[in-house]
Amino acid sequence: MNSRIERDQTIDFKRYYLYGFIINLIPIYVFYPIRTIKTIQQSNIGTSSATTMGKVFTERIKAEGVRGFFKGVGVYGLGSISGRLVHFSTYDALRDMVHKGKGSSVGLGWLENRSHSTINALLGTLSAVITSSFMIPFDVISQQLQVAKSPLLASNNVTQINNTSPTLKRAISTATTSNQPTYIVTSHNTPLTHNVSDSHLHPVSLRNNFITRLKPKDVPLHRFLYRGWAAGLLNTISFFPAYFFTYTYTLETLQENQHRSPFLPTSYIFLSVSAGVMAGATATFTSAPFDVVKTRIQIAREAGQKELRWWNMAASIVKTEGVKGLFVGMSARMWVIVPLGSLNFWVFEKVRDWSVVKIPLKVE
């Protein structure tokens, strides 16, 4: 990193969380439509339905309009901002302790003589693992809402729906015939709900108890909210070491070789953004299979809930689509992670710099 916290300085976490909340809020709304497209793409594995970004975008616009791209954004935003602040505050606190020779107090003394690349990769992964479990429920709910039919449309009767245009809508389900679940995506004109005629589909009750509507009746709440936890953990473990290591290594390499490319800008923000682009692209590729598996588990709705395991899901995807099925939606994910990853550390350091205060001197 470019700067460190001195011994006579500390972080005012009230400022840290306030600035972090404000500066992370806008990107969530800007990039959330692409996240929705990615979720829809990954839900179509094993079918001939449209999976390109352009076709998914067109289909969602025709079916639900612009609002259809922001379903679940409130839940995701709450979890994303909270998780990001916890992640980086944990990472920064641990890194500061290691750099100041206090790592042994938290069992990290063995890191004190390591390279910056290794320290950043390991501490970034450790802090990400801590926050991964925190984020899972928000992921589950937001992705369920992304692929669900609009509650207001779902409250209409079947006759009204059949009188509309014959545009095909996706329905995501699982059908189990053996110990290994088979995951099916079909196309039809009915909304994606448990039962159109159920009385609990009234819009008011949906708003008041949307988790109950999303959760299958035979699945306990805690299992529903933490479904895909193992795949999410593997996604974290495969993403952050690659991201932090690539970022630090690329940044240090660029700084050491600035004199060889005098025609390029030498400002820290340019070098940081360049390193962030490389880090984001690398980490997106290495973690793509686990992201696909996690999404497929978290959006599953009907039968086979008790048999959802990440290795069964991965095997099912490879069996039906081959290895390429584990990389569906990666281009959309790149459009989110690379821009955010390019500014991630620069924004993080700015928030940290704005939050650093002097430690008051003790009066004898």
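Quick caveat, the model's predicted, so the values are computed rather than measured.

**Q** Describe the overall build of the chain, naming the residues involved and giving the relevant values.
**A** In terms of helices and strands, the chain carries 13 helices and 4 strands. With 364 residues in all, the chain has 46% of them scored as buried. For the chain, the share of sequence-separated contacts (at least 6 apart) that also reach a separation of at least 24 residues comes to 79%. Split by element, the accessible area of the chain, about 18,100 Å² in all, is 62% carbon and sulfur.

**Q** I'd like to hear about the UniProt feature "transmembrane region" (unreviewed entry) in the chain, residue by residue, with values.
**A** The positions UniProt marks with the feature "transmembrane region" (unreviewed entry) are residues 16–34, 224–247 and 267–288. Structurally, residues 224–247 is divided into 88% helix and 0% strand, and its ends, taken at the C-alpha atoms, are 35 Å apart. The span residues 267–288 shows a helical share of 95% and a strand share of 0%, and its end C-alpha atoms are spaced 32 Å apart.

**Q** Got a sec to walk through the confidence of the model for the chain? Specific residues and values, please.
**A** On average, residues of the chain carry a pLDDT of 76, and 76% of them reach 70 or more. Segment residues 151–208: pLDDT under 50, and 103 contacts once partners within four positions in sequence are set aside and those in other chains are kept.

**Q** How would you summarise the pattern of salt bridges if you had to cite specific residues and measurements?
**A** As a working rule, side chains carrying opposite charge can pair if their charged atoms are close by. On inspection of all chains with the given rule, the structure shows 5 salt bridges. Across the pair Lys 71 and Glu 64 runs a salt bridge, and its minimum N-O distance is 3.1 Å. An identical accessibility class is assigned to Lys 71 and Glu 64; each is buried. For Asp 96, the salt bridge goes to Lys 100, with nearest N and O atoms at 3.4 Å. Pair check on accessibility: Asp 96 and Lys 100 agree, each one buried. What emerges from the salt-bridge pattern is a single network uniting Lys 38, Asp 291 and Arg 333.

**Q** An account of the side chain of Ser 287 is needed here, citing residue identities and associated values.
**A** Structurally, Ser 287 can be placed in helix 11 (residues 268–299). In this structure the side chain of Ser 287 is engaged in a polar contact, spanning 3.0 Å, whose partner is the side chain of Arg 333. Setting aside residues up to four positions removed in sequence, Ser 287 forms contacts with Asn 235, Ser 238, Phe 239 and Arg 333.

**Q** Which residues make up the nonpolar core, and what values go with them?
**A** Ranked by internal contacts, the top residues of the largest apolar core, which has 36 residues, are Tyr 16, Tyr 91, Leu 123, Tyr 243, Phe 244, Tyr 247 and Phe 345. Taken together, the elements giving at least two residues each to this core come down to helix 1 (13–43), helix 3 (73–99), helix 4 (116–147), helix 10 (229–256), helix 11 and helix 13 (330–355). Sort the elements by how many residues they give to this core and helix 3 lands first, with 8 residues. Once you skip the residues sitting within four places of it in the chain, Phe 244 turns out to touch His 87, Tyr 91, Asn 120, Ala 121, Gly 124 and Phe 345.

**Q** Describe the packing of aromatic side chains, with residues and values.
**A** Tallying each qualifying case throughout the model produces 13 aromatic pairs. Aromatic side chains Phe 290 and Trp 310 sit 6.2 Å apart centroid to centroid with 65 degrees between the ring planes, which places their arrangement in the edge-to-face category. With a gap of 20 residues between them, Phe 290 in helix 11 and Trp 310 in helix 12 (residues 310–321) connect regions that are remote in the sequence. Here a set of aromatic residues connected by ring pairs shows up, and it is made of Tyr 91, Phe 239, Phe 240, Tyr 243 and Phe 244.

**Q** Quick one: what's the story with the environment of Phe 285, residue by residue and with numbers?
**A** With respect to the helices and strands, Phe 285 occurs in helix 11. The partly exposed category is assigned to Phe 285, whose relative accessible area is 47%.

**Q** Pulling in residues and values, what's your account of helix 3?
**A** When the terminal C-alpha atoms of helix 3 are compared, their 37 Å separation across 27 residues agrees well with the 39 Å that a helix rising 1.5 Å per residue should span. Just downstream of helix 3 lies Gly 101, where phi reads positive at about 75 degrees.

**Q** Now, about the packing of helix 4 against helix 10: what can you tell me, with residues and values included?
**A** Put simply, helix 4 and helix 10 touch, their axes get as near as 8 Å, and they point 150 degrees apart. Comparing their axes, helix 10 and helix 4 come out roughly antiparallel. Pair helix 4 / helix 10 crosses with right-handed handedness. Contact with helix 4, carried on its side by His 116, Ser 117, Asn 120, Ala 121, Gly 124, Thr 125, Ala 128, Val 129, Ser 132, Ser 133 and Ile 136, involves Trp 229, Gly 232, Leu 233, Thr 236, Ile 237, Phe 240, Pro 241, Phe 244, Phe 245, Thr 248, Tyr 249 and Glu 252 of helix 10 and no other residues of that element. Looking at side-chain class alone, the contact of helix 4 with helix 10 contains 12 nonpolar, 10 polar and 1 charged residues.

**Q** Now, about a nonpolar patch on the surface: what can you tell me, with residues and values included?
**A** There is a patch of nonpolar side chains on the surface, built from Leu 18, Tyr 19, Phe 21, Ile 22, Leu 25, Tyr 29 and Trp 354 and spanning about 670 Å² of accessible area. Tallying contributions element by element places helix 1 first for the nonpolar patch, with 6 residues. Within the secondary structure layout, Phe 21 lies in helix 1. Overall, Phe 21 belongs to the partly exposed group, its relative accessible area being 40%.

**Q** Give a detailed account of helix 12, specifying residues and quantitative values.
**A** Relative to the 16 Å expected for 12 residues at 1.5 Å per residue, helix 12 spans 16 Å between its end C-alpha atoms, a close match to the ideal helical length. Where helix 12 is concerned, the buried positions are Asn 312, Met 313, Ala 314, Ser 316 and Ile 317. With its phi angle positive at about 80 degrees, Gly 322 sits one or two positions after the end of helix 12.

Procedures and definitions
Residues numbered from 1 in each chain as written. Predicted model: local features only at pLDDT ≥ 70, side-chain atom pairs only at ≥ 80, totals over all residues. Heavy atoms only, no water. Helix = DSSP H or I, 4+ residues; strand = E, 2+ residues; numbered from the N terminus. Buried < 20%, exposed > 50% of the residue type's maximum accessible area, 1.4 Å probe, protein only. Contact = heavy atoms within 4.5 Å. Areas by Shrake-Rupley, 256 points an atom, 1.4 Å probe, with all protein chains shown as cover. UniProt positions renumbered as here; feature names shortened; annotations may be inferred. pLDDT = per-residue confidence, 0-100. Salt bridge = Lys/Arg side-chain N within 4 Å of Asp/Glu carboxyl O. Polar contact = N/O pair within 3.5 Å; in protein donor to acceptor, adjacent residues only side chain to side chain. Core = buried A, V, L, I, M, F, W, Y, C linked by side-chain atoms within 4.5 Å. Phe/Tyr/Trp six-rings, centres within 6.5 Å; stacked < 30°, edge-to-face > 60°. Expected span 1.5 Å × (residues − 1). Axes fitted to C-alpha atoms, helices over the stretch in contact; angles between N-to-C directions. Parallel < 35°, antiparallel > 145°, perpendicular 65-115°, else oblique. Left-handed = near helix turned anticlockwise from the far one by under 90°. Nonpolar A, V, L, I, M, F, W, Y, C, P; charged D, E, K, R; others polar. Patch = residues over 30% accessible without salt bridge, like charges linked within 9 Å, V, L, I, M, F, W, Y side chains within 5 Å.

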